[in-house]
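Coordinates in review
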Amino acid sequence: MIMKIIKLKSLKNQKLKHNISEKKVIDLETRLLDTIEPLLKEMKDTTDRLVIAGTVLKVALILYKADLGKDATAGLMYEVGDQVDRGLLEEADINNPEGQTIH
C-alpha cells in the first residue's frame, strides 16, 4: 500500500507543470472560501449545505481526473482521508459565532 501511495504522489508531481508555492495555495483557498461562505451562511437547511459541499467535492474530483488522471484522483482521496485522520476537521470551528469566517 505504501509503495502505491508513493507512486501516486510521484505521478501527480510528474504531471504538474509547475510547483505551486504554499503562499499561492493559501491565497487560492482563501479566495474560494470567501466566495462560497456567503452562500453557505444563507443556507439554514443542512441538506442544502451538504449539496453545496458535495458539489464542490465533485468539481474537485472532475478537475483532478481531467488534469492528472484516475490514479492521481485516487491519491487525492487518500491524502484527504489522511488529513482527516490527523485532525483536519478538528481544526475547523463549525460552530463559530455569527460574523466570523469559516476559515
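Summary of the structure given here. (Residues numbered from 1 in each chain as written. Predicted model: local features only at pLDDT ≥ 70, side-chain atom pairs only at ≥ 80, totals over all residues. Heavy atoms only, no water.)

**With respect to the overall build of the protein**
Looking only at helices and strands, the protein has five helices and zero strands in total. Moving toward the C terminus, one meets the helices and strands of the protein in the order α-α-α-α-α. Expressed as a percentage of the 103 residues in the protein, the buried residues total 15%. Within the protein, contacts between residues separated by at least 24 positions form 61% of all contacts whose residues are at least 6 apart in sequence. (Helix = DSSP H or I, 4+ residues; strand = E, 2+ residues; numbered from the N terminus. Buried < 20%, exposed > 50% of the residue type's maximum accessible area, 1.4 Å probe, protein only. Contact = heavy atoms within 4.5 Å.)

**Observations concerning the packing of helix 2 (residues 22-42) against helix 3 (residues 46-68)**
Between helix 2 and helix 3, the shortest axis-to-axis distance is 9 Å and the interhelical angle comes to 155 degrees. Regarding the angle of helix 2 to helix 3, the classification is roughly antiparallel. The segment helix 2 lies against helix 3, with Ile 36, Leu 39 and Leu 40 engaging Arg 49, Ile 52 and Val 56. When the residues that make up the contact of helix 2 with helix 3 are grouped by side-chain class, the tally is five nonpolar, no polar and one charged. (Axes fitted to C-alpha atoms, helices over the stretch in contact; angles between N-to-C directions. Parallel < 35°, antiparallel > 145°, perpendicular 65-115°, else oblique. Nonpolar A, V, L, I, M, F, W, Y, C, P; charged D, E, K, R; others polar.)

**Overview of helix 4 (residues 70-85)**
Compared with the 22 Å implied by 1.5 Å per residue over 16 residues, the 23 Å span of helix 4 between its first and last C-alpha is a close match. Positive phi appears at Gly 87, one or two residues downstream of helix 4, with a value of about 105 degrees. (Expected span 1.5 Å × (residues − 1).)

**What to know about the side chain of Thr 73**
Position of Thr 73 among the secondary structure elements: in helix 4. A polar contact is formed between the side chain of Thr 73 and the backbone oxygen of Gly 69, at a distance of 2.9 Å. If sequence neighbours within four positions are ignored, Thr 73 has contacts with Leu 61, Tyr 64 and Lys 65. (Polar contact = N/O pair within 3.5 Å; in protein donor to acceptor, adjacent residues only side chain to side chain.)

**Considering helix 3**
Three or four residues apart is the spacing at which side chains of an α-helix point the same way, because the helix has 3.6 residues per turn. Helix length check: helix 3 (23 residues) gives 32 Å between terminal C-alpha atoms against 33 Å at 1.5 Å per residue, within 8%. Just past helix 3, the residue Gly 69 takes up positive phi, approximately 95 degrees.

**Section: a nonpolar patch on the surface**
Together, Val 80, Val 84, Leu 88 and Leu 89 line one region of the surface with nonpolar side chains, adding up to about 300 Å² of accessible area. Looking at the nonpolar patch, the elements that each hand over two or more residues are helix 4 and helix 5 (88-91). (Patch = residues over 30% accessible without salt bridge, like charges linked within 9 Å, V, L, I, M, F, W, Y side chains within 5 Å. Areas by Shrake-Rupley, 256 points an atom, 1.4 Å probe, with all protein chains shown as cover. Salt bridge = Lys/Arg side-chain N within 4 Å of Asp/Glu carboxyl O.)

**Focus: the pattern of salt bridges**
For the structure shown, the criterion picks out one salt bridge. Arg 86 serves as the salt-bridge partner of Asp 82, at 3.1 Å between the closest nitrogen and oxygen. Relative accessible area serves as the criterion here: at 30%, Asp 82 is assigned to the partly exposed category.

**Quick word on the environment of Ala 74**
Tracing the chain through its elements places Ala 74 in helix 4. Along the backbone, Ala 74 and Leu 61 are 13 residues apart, and their C-alpha atoms lie at a distance of 9.1 Å.

**Examining the packing of helix 3 against helix 4**
Between two packed helices, both the angle of their axes relative to each other and the distance between the axes serve to describe the pair. Relative to each other, helix 3 and helix 4 sit at 140 degrees, their axes nearing to 7 Å. The angle between helix 3 and helix 4 falls in the class oblique. Once helix 3 is placed against helix 4, the crossing between them reads as right-handed. Packed against helix 3, whose contacting residues are Leu 61, Tyr 64, Lys 65 and Leu 68, the element helix 4 presents Lys 70, Ala 72, Thr 73, Leu 76 and Met 77 at the interface. (Left-handed = near helix turned anticlockwise from the far one by under 90°.)

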